[in-house]
Amino acid sequence: MFRPTLALPLLVASLPGFAATPPIAADSIVVTAARLAQSQADVLGDLTLIERATLERFRGQSLADVLQQQAGVQFTSNGGPGKASSLFLRGSNAGHTIVLIDGMRWGSATLGSPSLQNLPVDQIERVEILRGAAASLYGSDAIGGVVQVFTRRGQNTSQPSLSLSLGAGSDGQYQASGRLAGQSGKTRYALGLAHSYTDGVSSIANPANPGYYADRDGYQNSSLSAALSHQLVESLELGGNLLYARTESAYDSYVSDANWNSVAQSYDYRDKSTQTSGALWARAQFSPDWQAEFKAGNSRDESRSFTPVSATDLRDAPTSINTRQQSFSWQNDIALGGGTATLGAETLEQTVSGDTDYAVRKRRINSILAGYLITQDTLRGQINLRQDNNSQFGEHLSGQLGASWSFLPDWQLGSNLGTGFRAPSFNDLYWPGAESPDLQAEKSFNREAFLRYRSKPLQVSFTVYRNTVRNLIAWAPIAPGSWTWKPANIGRAQLSGSTLALDWQANGWLAGGHWDWLDAKDVSGGDNDGKQLLRRARQSGALYGGLSLGSLETRLEVVAQGKRYNDAANTSRLAGYGLLNLSASWQLTRDWQLAARINNLADKQYALVQDYGSLGRNGMLSLNWQPK
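Residues numbered from 1 in each chain as written. Predicted model: local features only at pLDDT ≥ 70, side-chain atom pairs only at ≥ 80, totals over all residues. Heavy atoms only, no water.

Undergrad: Please set out the overall build of the chain residue by residue, giving values where relevant.
TA: Across its full length, the chain carries five helices and 35 strands. Radius of gyration (C-alpha) of the chain: 24 Å, near the 25 Å computed for a compact globule of 628 residues. With the principal axes as the frame, the chain shows a C-alpha extent of 75 × 60 × 45 Å. Within the chain, residue pairs in contact and separated by at least 24 positions form 62% of the contacts whose partners lie at least 6 positions apart. Of the roughly 27,100 Å² of accessible surface on the chain, a fraction of 57% belongs to carbon and sulfur atoms. Here the chain contributes 55 positive and 54 negative side-chain charges, whose respective centroids are spaced 2 Å apart. (Helix = DSSP H or I, 4+ residues; strand = E, 2+ residues; numbered from the N terminus. Rg over C-alpha atoms; globule rule 2.2 N^0.38 Å. Contact = heavy atoms within 4.5 Å. Areas by Shrake-Rupley, 256 points an atom, 1.4 Å probe, with all protein chains shown as cover. Lys, Arg positive; Asp, Glu negative; His and termini not counted. Charge placed at Lys NZ, Arg CZ, Asp CG, Glu CD.)

Undergrad: Please provide a residue-by-residue account of the packing of aromatic side chains, values included.
TA: Throughout the structure, instances matching the rule amount to 13 aromatic pairs. Between the aromatic rings of W405 and F407, the centroid separation amounts to 5.5 Å while the plane-to-plane angle is 55 degrees, which identifies the pairing as tilted. An angle of 50 degrees between the planes, with centres 6.3 Å apart, marks the rings of F426 and Y430 as tilted. Separated by four residues within a single helix, F426 and Y430 lie in helix α5 (residues 426–430), roughly one turn from each other. Exposure remark for Y430: the relative accessible area of 9% places this residue in the buried category. Each member of the aromatic cluster is reached from another via a ring pair, and the members are Y358, F426, Y430 and W431. Sitting over the ring of F88, R536 keeps its end group 4.0 Å from the ring centre. A cation over a ring is seen here: R555 above Y544, with NZ or CZ 4.2 Å from the ring centre. (Phe/Tyr/Trp six-rings, centres within 6.5 Å; stacked < 30°, edge-to-face > 60°. Buried < 20%, exposed > 50% of the residue type's maximum accessible area, 1.4 Å probe, protein only. Lys NZ or Arg CZ within 6 Å of the ring centre and 35° of its normal.)

Undergrad: Residue-level account of the environment of D268, with values.
TA: Assignment of secondary structure puts D268 in the loop between β16 (262–263) and β17 (270–287). For D268, the contacting residues outside a window of four places in its chain are A250 and F306.

Undergrad: Describe empty space enclosed by the protein, naming the residues involved and giving the relevant values.
TA: Under the criterion given, the structure shown has eight cavities of 30 Å³ or more. Of the volumes computed, that of the second largest cavity is approximately 100 Å³. Forming the boundary of the second largest cavity are 15 residues, of which G45, R131, A133, Q400 and N416 lie nearest the centre. For the lining of the second largest cavity, the secondary structure elements donating two or more residues are β8 (124–131), β24 (411–422) and β25 (442–454). Counting residues per element, the lining of the second largest cavity draws most heavily on β24, which supplies three residues. (1 Å grid on protein atoms, 1.4 Å probe; cavity = no way out; pocket = protein on both sides within 12 Å on 5 of 7 lines; lining within 4 Å. Points joined across faces, edges and corners; volume = space filled by probe spheres on them.)

And the structure:
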């Protein structure tokens, strides 16, 4: 258990409030909602921007830790830091959200979902979360939305910028990171290194579970990011970027002996993985009205799992599964008729390799896309179309239509319609013994409306939505009591909900939060018709309050989630919970900063997945150096 002997006096001395990232300014520039740069105030989609100042409060942690505090997001984790996690964006399935790193698709094509727990916050500059169907912009999997991560880049400064950070905390946790960035003439550069480690908790917490073993299941992450760009001439810029993360995560499990007894719980079960995303790009300004970007990229998800040879032979028997996604894209943004037209083409090749014998190991998706974004006085409109040709499934057309009306200077009323789809993963189609090559793509139709108020001290938004998903892929036993499971297009779900969000800032004080209501239910007409989808809470939310007093910044957070069910039949209930988090930073001198964070201050015991552990009270104290 964490006892905050150093961090707590610092935090108590800094009360009564907490500094936080200021609310998003009306002129913040974002790109994910339309694939082109636009003001946050002009976005027609439901988009959240998480900037670097917010990410600083999560040093040594992962993107998963940041996302689970955002509106419309619910998370599960199988046993603490670095363990398998699932993101449910607006109640959609884990495979219904695309994750992009600097515009490149990232994740596992076998599982069909990304390992967000392995993306280190220390290498991220900002994150954009786009909720709602976005297949017309990004293709397959964007049923629930898109999470785009932007890695750290070179700065427009005459002198190089160097920063270092060291931190230590509870559960054997420590972190170290360093970064060099700057500009020399027309060349910008950045290089970042980071390492974090934690002893974690026992991934399975229930002694009655056959995989239970009373130890700590640790996690470590070593990462590197790099970026380089050069302005050849005024109309042409070339660049590249790289993100690399290498992780190791221990977990609890077992194997069965000849009599089907659970044994070998003491074996060191572990996963070693490597995630890489890199791209080369060129941006050209062909004329005042025509800008183009060419990009070639490659992302890899490589995983090696260690289990025992047998129930009686505890030597390592490693197996590997790897994904490579290689893409090329060409996008043109053209000023036309008072708005901006977008025309583009993409090709994506997904390849799997390793010890699993997939019948098919490669597929290609060729795509063309078009869009138009326009603002006329108080009216804004957006339309997008995309055609994807998948070598396994043929063609799929996706569309989106949105409009808004600024009926008063600070008020905006709008609506969006959009379609989405998800192509089955390689596991869905070709897992040995469960091959289902005739599976069809999942399809969705999303409707939403919003009302927003934006002024300098206060921002309020209210969004309602309904997303109907057809052809849901579900895995089930081939016969009652069978150990063999296979997937089938048997599902239909309706995801309805609303989100109220508020941010306020004045005279150094700030406060806000969000509240989500979600009705994510099965409407397939079978035995579970009308039941809530697995591990989705009807209600969830967060509140924060903060204060900035010169060199001192402090923040208090409350994160809450209602009850959920651990099974499709809604017979196994997971209790709701509320967590209290505390953080502060103190600028000791011009170059030195002391920062502290305590999560789960009340040491609340809770579960995100039945039988699996979660962190109790935990925290970190870090010392940061950045010469000014």
